[in-house]
Every structure is written in structure tokens, then in C-alpha cells.
Amino acid sequence: MRHRKTVFVDSDILVIGGGMGGCGATYESRYWGRDLKIVCVEKANIERSGAVAQGLYAINCYMGMQWDENQPEDHVRYARNDLMGLVREDLGYDIARHVDSTVHKFEEWGLPIMRDPKTGRYQREGKWQIMIHGESYKPIVAEAARKAATEVYNRIMVTHLLMDQTRPNRVAGAVGFNVRTGDFYVFRAKAVIVAAGGASHIFKPRAVGEGMGRTWYAPWSSASAYALPILAGAKMTQMENRIVLTRFKDGYGPVGAYFLHLKTYTQNAYGQDYEAFWRDSIEQMVGDYVNHHPVPTCLRNHALLEEVKAGRGPIRMVTKEAFKDPHKETIGWENFLGMTIGQAVVWASQNIDPKEINPELTTSEPYVMGSHATCSGAWASGPEDYAPAEYQWGYNRMMTVEGLFGAGDTIGGTAHKFSSGSFTEGRIAGKAAVKYVDDLGNQPPQVSEAEYEDLKKTVYQPMENYAVGRNEIVAGTVSPSYLLPIHGLQRLEKIMDEYVGGIGAHYTTNEPLLTRGLELLTMLKEDLAHIGAEDLHQLQRAWELQHRVLASECVTQHTLFRQETRWPGYYYRADHPKLDDQDWHCFTLSRYDQDSGTWAMEKAPVYHIID
Ligand SMILES: Cc1cc2nc3c(=O)[nH]c(=O)nc-3n(C[C@H](O)[C@H](O)[C@H](O)COP(=O)(O)OP(=O)(O)OC[C@H]3O[C@@H](n4cnc5c(N)ncnc54)[C@H](O)[C@@H]3O)c2cc1C
């Protein structure tokens, strides 16, 4: 194997992922830890990385407490309702009570927030959303993190966490490689905060072939946020709670501003308001949840899916009326130009002028995430002043591994935090991590040389496989002795699609399918030892695939464990087609044992703290 340089970086706090959660964690760690060494490591460049890379048009989580618009308790009720009763109310409340101060900081740092000319308040798009000129949202936030960090390491993909050799179940840092130079990095740290985003491309996307990079969630969100803690033995929660989005067809353009601000609405191919058709049958599946206001997102998806299955598709967004108003027309286009330019391009290429044609909607393939409208992620300790005793085993946002914290998509149980809530959760985790480091005193974790040397060999193995195996190829790219990352990815997506409830299976699965899916995933995992990487770019793809496969296995285990259909519209357990509050009004937890390759599943109670 070609010699690879090893670079050692020591820090007090290591932040993995410089997106919204990571920037928040870096910023706040500096505030509380003036003398600490705070390092942020990012596989892209924090200037334009993560789900907010392209910009946003709205901040989706703002209480407006200064104007008495909403209180944190209201937000907890809202998220609980949308998630069919199951959220970590302590964590959600903790974010909601601090999120306004985060948004005020963004404005102070230069983010243009629109104001209502009559009231002077922030311009609301909906009850929780405020409108921004957000094309430069990410660079503005990144600047604050850059100034706060001792050092930011861009272009380093973290592949594994390191564990303390003096004490079991304590984190000691992480390893990764520079995707440009190929150097190996060993980050030794007293506390680690994982903020590596969610997971796209674990289910087969609607756009395949040349369009496969066009997904709703960022295609570079490659499940590291889950795989890193899972491998370290951290407990995960609600991983079955994958998200499916109703979006404009082919460009995945968001619909929030259209529904909330432009007041557009949907109808079936025959101009009918179809949602009411399905109310009674939904009530039979989920009981009273369908009568709640607002109707939970998954149930609205369900109505759309059923209507299409009944042969009355396509479903369209009625834009023709709203777009007659020049102000609304401008907003409609700007909404895409500020965050999903691709949708505007798709419409232009398909001759769709929303003033003349009502554009089609469709549902996306499933994604896994903890910050948008679903709540998959790591099981974290709650705030000292608010969490029930059972949810507290240490520091706020610390996982079940000592010294390992998380924020944003990484942390489970708290949906609807979005960009501002993820940054806020990063701040909360950063503050707690500083306290943890302070309390460690003179007993810092120790990294074993054998551990990182072994990992170094493992990390570059795909390049070794390629170098040896390519000699057997006479033509094309198919080798008898290795598989390429793209081949592994397509195999993963096919398994998840067909067995775990993707678009090809109408989001439907059952125990026999899930059991077979797990068998196929096990075989895929075996083959990943033979993955081949031609260059450093492909090496990154190889490790992204490893992370995606492990997270997918976790999703499948959780989906098998929860014997009910909790969120119709997100997925269906055909063998347990109804919501079952008696047995499943609970969180699902998993823990992976790396040595045996087995998963332990359990239930955890849901505490309703807010009336
Ligand atoms: C299409 C879309 C529209 C959205 N619309 C809105 C909206 O209108 N309003 C709103 O408030 N929110 C919106 N959101 C949600 C918001 O973007 C997320 O809630 C937020 O970005 C999550 O923060 P995070 O830190 O968990 O993940 P991210 O911000 O995605 O950051 C994760 C970071 O980790 C890095 N990373 C990943 N793996 C590794 C690794 N192995 N090693 C090193 N670095 C790694 C990534 O490159 C990335 O920089 C939207 C998201 C999407 C995708």
C-alpha cells in the first residue's frame, strides 16, 4: 500500500460536520470554553456544506416570543401532533425556548430577514416559519463558526470514532482522510459532537440514471450521523420514522411557501379536493389523530397516495389563480431561486408556466433524518431542569456513549427543529460538552495506537482492492474481485426499495419482506469488504456507502420491531395495518454490537410533559 501520511490533531472538543448543527456547536463551545481547543472537521467546505448549502427561503422554526406570537409549549404540541404523539418533549421544549435567540444572532450577523411592512415584525410564511433572503444563509452562519473555532479542517471525511482505551464506552476522538491529499487524520479529543446531517440515497430515488443526484434531501447527506454513533455502540431511536415528502414533481421543489404564503391548494386530475374522500378510512386506521389540526403530514401524504392508487392522479397544485397576482408570482419564483433552482429549471424545460398550468406534485423516496418533519437519530440525555429522570444519564445531548454528543439530524425524538433548531441544538450540545470537558479534570481519554493503525489499514483497503483487482479487468468496469461504490449503492437502494418500503413497493412492507431484506443487507455487508476505489473521490464514495448500509440496517431493524403502522403515508406494515396506541405508544431503541454484528431492540416510554 502506498504510504499515507498520518496527521495528529488534538483538541478538547471535536465537532464532526460543519452544517447547521456543527456550526452552532462550534460557535457555542467557544462562548463557554474561552481557552479550549475547538476543532471542526467537515468533508466538504463549511462555507457551502450540508443541507443549507444552496440557501433557504424560510427559517422554519421561530417562536416569535418577543411579540407573544407562540410559546415553546405550543411548538411541542405542534410537533407531537405531527408525529402522531411520539416526540421527546423535553428535547423539543429545550430547543424551542432557545431558538429565537439563535435567529436574532443570524440577523445580527447579516442574514436579511423579511419584515411585515405594517407591523414591523418578521414576515411570517406560516405559524412557525419566517421568510428570509437566504441565498447566503450558510456562508453567514459558517463565518461565525470559523471565527469561533481554533481550527476548521475542510475536505476531511470522518470514517470512524475512536474509543478510550482506559475506560469502556467512552469516546476519545475520530479518524478520517483528506479527500484531496489522501492524508490520514487522527483527531484525539476529550468530547466529540457529531453533527453530520441526515441520510439520502438509502432508498432508490425517483430520479435514476443521469438524474440520480437530484434528490430532495442533500445527496451528500450520507448517514455518517447515524453510522458513527451506531458503530460506537450508541443507542438509536425512531429509526423506522423515515420521511416521505410531497413535492413538485421532478425538481423536488418545496411546497411550504406555496401552501402557506401563496395560499395555493391541491386537487386531483378532475379538479376535486380529494383529501376529504379519505378522512373516514384514515380514521379507521389511526383513530382521532386525523381530526387534529393541523392534519399530521403523513396523513396528508396518505390521502395523496390513495388518490393516485384510485386512478385519479396526477395530483396538482393549483397555482393558476395565485400567480395572476404579480406579487405572488414573484414570490413563487423567488422561493425556488433562493433554495431549489433546479425546480425552476425543470419547469422551464417542461414548458410549465405556473400561471397557465397547475404543476404536478409527487411523493419522494424515503429519507432518514432527525431535524425536519421526522425524528430518527441517536437517543440523547435531556436538559437537567426539564427532562424526566429516565431521560437523564449525564449531560444534555450526550448519547449513551460517554463524551459523545450530537445535534441536528443526528439526535432523535425531536422533529421540526429545521435549520434554526439544528443550530440551536448544536449550541446546547456545545455548552454541555464544555461542561463535560471541564468536569473531566485530569482524566482525559487515551487513544490506542493499535486502534488507529488498524483503522488506517481499513480506511484505505478499498484502494488496495482496486489496485490489485483491476489487473483482472479486460474491458469495462466490472471486476470479478471487487465492486465499485456505485454498484454497492444501487444494490442497497434496490434492497431498501423492494423490502423495506420504498417507492417501488408503495411504501409497504411486512415481516417476511423485512426479514429477507435483512438477509440481503447482511450479504451486501459481507461484500463491502471487497469494495474497490479507483481514487480518493471513490474512496469517499466507498465510506459513504458503508455508512449508508449500516444506517439502512438500523432502519430495517426498527421497522421490523415496531409492529404497527404508526405513520401511514411514510410507510405501511401490511401485517399490522393500524396505529396501535396500546402497545406502541413508545419509542423504539436499538443498540448495535459491532463484535457480534447483532442488534438489541427495546421500547422506551413516551412522557407527556406538556398538557
Ligand atoms: C431541500 C431542503 C429544504 C429545507 N428547507 C428548509 C427551510 O425552508 N427552512 C429551514 O429552516 N430548514 C430547512 N431544511 C432543513 C435544514 O436544512 C436542516 O434541518 C439542517 O441543515 C440540519 O442540520 P445538520 O447540521 O443536522 O445537517 P447539515 O446542515 O446537513 O450538516 C451536516 C454536515 O456534515 C457534513 N458531513 C457529513 N458526513 C460527514 C463526515 N463523515 N465527515 C465530515 N463531515 C461530514 C456535511 O458535509 C454537512 O456539512 C431543509 C433541508 C433540505 C434538504
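The residue numbering used here restarts from 1 in each chain and proceeds along that chain's sequence as written. Predicted model: local features are reported for residues with pLDDT of at least 70 only, side-chain atom pairs are reported and counted for 80 or more only, and whole-chain, interface and lining totals are derived from all residues. To obtain the side-chain values, all non-hydrogen atoms of the structure were used and water was disregarded.

Q: Help me understand the environment of S200, please; the structure alone is not making it clear to me.
A: What counts as a helix is a DSSP run of H or I of at least four residues, what counts as a strand is a run of E of at least two, and both are numbered from the N terminus. Mapped onto the fold, S200 is located in the loop between β8 (184–194) and α5 (224–231). With relative accessibility at 0%, the residue S200 sits in the buried group. Taking the C-alpha atoms as reference points, S200 and W216, 16 residues apart in sequence, are found 8.2 Å from one another. Any two residues having at least one pair of non-hydrogen atoms within 4.5 Å are treated as being in contact. Among all residues touching S200, those that are not within four sequence positions of it are T215, Y217, A218, P219, S221, Y367 and R548. A polar side-chain atom of S200 sits 2.8 Å from the main-chain carbonyl oxygen of A218. Exposed residues in this analysis have more than 50% of their type's maximum accessible area, buried residues have under 20%, and partly exposed residues fall in between, with area computed by a 1.4 Å probe over protein chains only. A 3.5 Å cut-off defines polar contacts: any pair of N or O atoms within that distance qualifies, except that in protein one atom must be a possible hydrogen donor and the other a possible acceptor, and neighbouring residues in sequence count only when both atoms are side-chain atoms.

Q: Help me out: how do you make sense of the site of the ligand in this one?
A: A single heavy atom is enough: if one lies within 4 Å of a molecule or strand, its residue is considered near that molecule or strand. Near the ligand lie 31 residues; those nearest to it are G21, E42, A58, S371 and S419. Here E42 contributes a side-chain N or O atom positioned 2.6 Å from an oxygen atom of the ligand. One nitrogen or oxygen atom from the side chain of S49 is found 2.8 Å from an oxygen atom belonging to the ligand. Calculation on the ligand without its partners gives an accessible area of 1000 Å², and the protein chains cover 96% of this total. Note that accessible areas follow from Shrake-Rupley with a 1.4 Å probe, and for residues the cover is restricted to the protein chains shown.

Q: What should I look at first to understand the packing of helix α13 (residues 485–499) against helix α14 (residues 511–527) in this one?
A: Between two packed helices, both the angle of their axes relative to each other and the distance between the axes serve to describe the pair. In this analysis, axes come from line fits to C-alpha atoms, helices being fitted only over the stretch in contact, and the angle between any two N-to-C directions falls in the range 0 to 180 degrees. Relative orientation of the contacting elements α13 and α14 amounts to 170 degrees, with a least axis distance of 9 Å. As judged from the angle between their axes, α13 and α14 are roughly antiparallel. Together, G488, R491, L492, I495, M496, E498 and Y499 of α13 and L513, L514, R516, G517, L520, L521, M523, L524 and D527 of α14 make up the contact between the two elements. Angles below 35 degrees are treated as roughly parallel, those above 145 as roughly antiparallel, those between 65 and 115 as roughly perpendicular, and all remaining angles as oblique.

Q: What is the right way to look at the nonpolar core in this model?
A: As a rule of thumb, nonpolar side chains are buried together in soluble globular proteins. Within this scheme, the nonpolar core is defined by two criteria: the residues are buried Ala, Val, Leu, Ile, Met, Phe, Trp, Tyr or Cys, and they are joined through side-chain atoms within 4.5 Å. Within the largest apolar cluster, 164 residues are counted, with the highest numbers of intra-cluster contacts made by I13, I16, Y137, Y226 and F405. Filtering out sequence-adjacent residues up to four positions away, Y137 remains in contact with M20, V52, L56, I59, F106, L111, I132, S419 and S420. Grouped together as the second largest cluster of nonpolar side chains are 18 residues, F184, Y452, L536 and L539 included.

Q: Mind showing me how you'd approach the packing of aromatic side chains here?
A: Geometrically, a pair of aromatic rings is defined through the distance of the ring centres and the angle of the planes. The pairing test for Phe, Tyr and Trp rings, Trp by its six-membered ring, is centres within 6.5 Å, and the orientation test on the planes gives stacked under 30 degrees, edge-to-face over 60, and tilted for anything in between. Applying the stated rule across the entire model yields 38 aromatic pairs. Three or more aromatic residues joined by ring pairs form one cluster here, namely F248, Y258, F323, W333, F336 and W347. Throughout this description, the term charge over a ring refers to an Arg CZ or Lys NZ atom that lies within 6 Å of the ring centre and within 35 degrees of the ring normal. When the ring centre of W379 is taken as origin, the NZ or CZ atom of R88, which lies over that ring, is 4.7 Å away. One residue, R88, lies across the ring of Y391, its end atom 4.0 Å from the ring centre.

Q: I would appreciate a short explanation of the pattern of salt bridges in the present structure.
A: Side chains that carry opposite charge are capable of pairing whenever their charged atoms lie near each other. Here a salt bridge means any side-chain nitrogen of Lys or Arg lying within 4 Å of a carboxyl oxygen belonging to Asp or Glu. Under the defined criterion, the tally for this structure stands at 42 salt bridges. Close ionic contact of E306 with K309 constitutes a salt bridge, the shortest N to O distance being 3.1 Å. Taken together, the residues span about one helical turn, with E306 and K309 both in helix α8 (residues 297–309) at a distance of three residues. What makes E306 buried here is its relative accessible area of 17%. Residue classification places K309 among the partly exposed positions, given a relative accessible area of 49%. With a closest N to O distance of 3.4 Å, E329 and K355 form a salt bridge. Pair noted here: E329 is in helix α9 (residues 326–337) and K355 is in the loop between α10 (341–349) and β13 (361–363), with a separation of 26 residues, a long-range link. Each of D94, R97, D385, R397, K417 and E425 takes part in salt bridges that share partners, so that together they form one network.

Q: Would you explain the layout of surface pockets in this entry?
A: Sizing a probe to match a water molecule and rolling it over the atoms shows the empty space that remains. Approximately 880 Å³ is the volume attributed to the second largest pocket. Along the walls of the second largest pocket sit 29 residues, with H160, L231, L550, Y592 and Q594 positioned nearest its centre. Listed by contribution, the elements that provide at least two residues to the lining of the second largest pocket are β6 (156–163), α5, α12 (449–469), α15 (536–561) and β18 (586–593). Ranked by the residues each element gives to the lining of the second largest pocket, the list is headed by α12, at six residues. Of the residues that constitute the lining of the second largest pocket, the class distribution is 15 nonpolar, eight polar and six charged. Both cavities and pockets are sets of points on a 1 Å grid over the protein atoms alone; in a cavity a 1.4 Å probe fits but cannot get out, in a pocket the set is open with protein on both sides within 12 Å along at least five of seven lines, and lining residues sit with an atom within 4 Å of a point. Grid points are joined across faces, edges and corners, and a volume is the space filled by probe spheres set on the points. Asp, Glu, Lys and Arg are counted as charged, while Ala, Val, Leu, Ile, Met, Phe, Trp, Tyr, Cys and Pro are counted as nonpolar; the rest, among them Gly, fall into the polar class.

Q: Just checking my understanding: could you explain the state of the cysteines for this structure?
A: Working definition: the covalent bond between the sulfur atoms of two cysteines is a disulfide. The disulfide definition used here is simple: a pair of cysteine sulfur atoms within 2.5 Å. By the definition in use, this model includes zero disulfides. Note on C23: no disulfide assigned, nearest cysteine sulfur contributed by C40 at a separation of 6.2 Å. Cysteine C61 remains unbridged, with the sulfur of C375 as its closest cysteine sulfur at 14 Å. Its relative accessible area of 0% is what places C61 among the buried residues.

Q: Sorry if this is basic, but what is going on with empty space enclosed by the protein here?
A: The full count for this structure, using the stated rule, is one cavity of 30 Å³ or more. Here the largest cavity defines a volume of roughly 90 Å³. Counting only elements with at least two residues in the lining of the largest cavity, the list comes to α2 (72–82) and α3 (89–108). No other element matches the four residues that α3 contributes to the lining of the largest cavity. Partitioned by chemical class, the residues of the lining of the largest cavity number six nonpolar, five polar and three charged.

Q: What exactly am I supposed to notice about the sheet that holds strand β9 (residues 236–237) here?
A: Read across the open sheet, the four strands follow the order β14-β9-β18-β19; overall the sheet is antiparallel. Whereas interior strands pair on both sides, the edge strands pair on one side only; in this sheet they are β14 (377–378) and β19 (598–605). At least two bridges found by DSSP between two strands are what make those strands a pair. Relative to β18, β9 is paired through two bridges, and the arrangement is antiparallel. By the bridge assignment for β18, M236 is matched with S590. Along the sheet, α15 makes contact with β9, β18 and β19, crossing β19 at roughly 55 degrees.

Q: Please clarify how the pairing of β6 should be interpreted in this entry.
A: Judged by how many residues are buried, β6 sits mostly within the fold: eight of eight residues are covered. Across seven bridges, the pairing between β6 and strand β7 (residues 171–178) is antiparallel. Looking at β7, one finds that M163 is bridged to V171.

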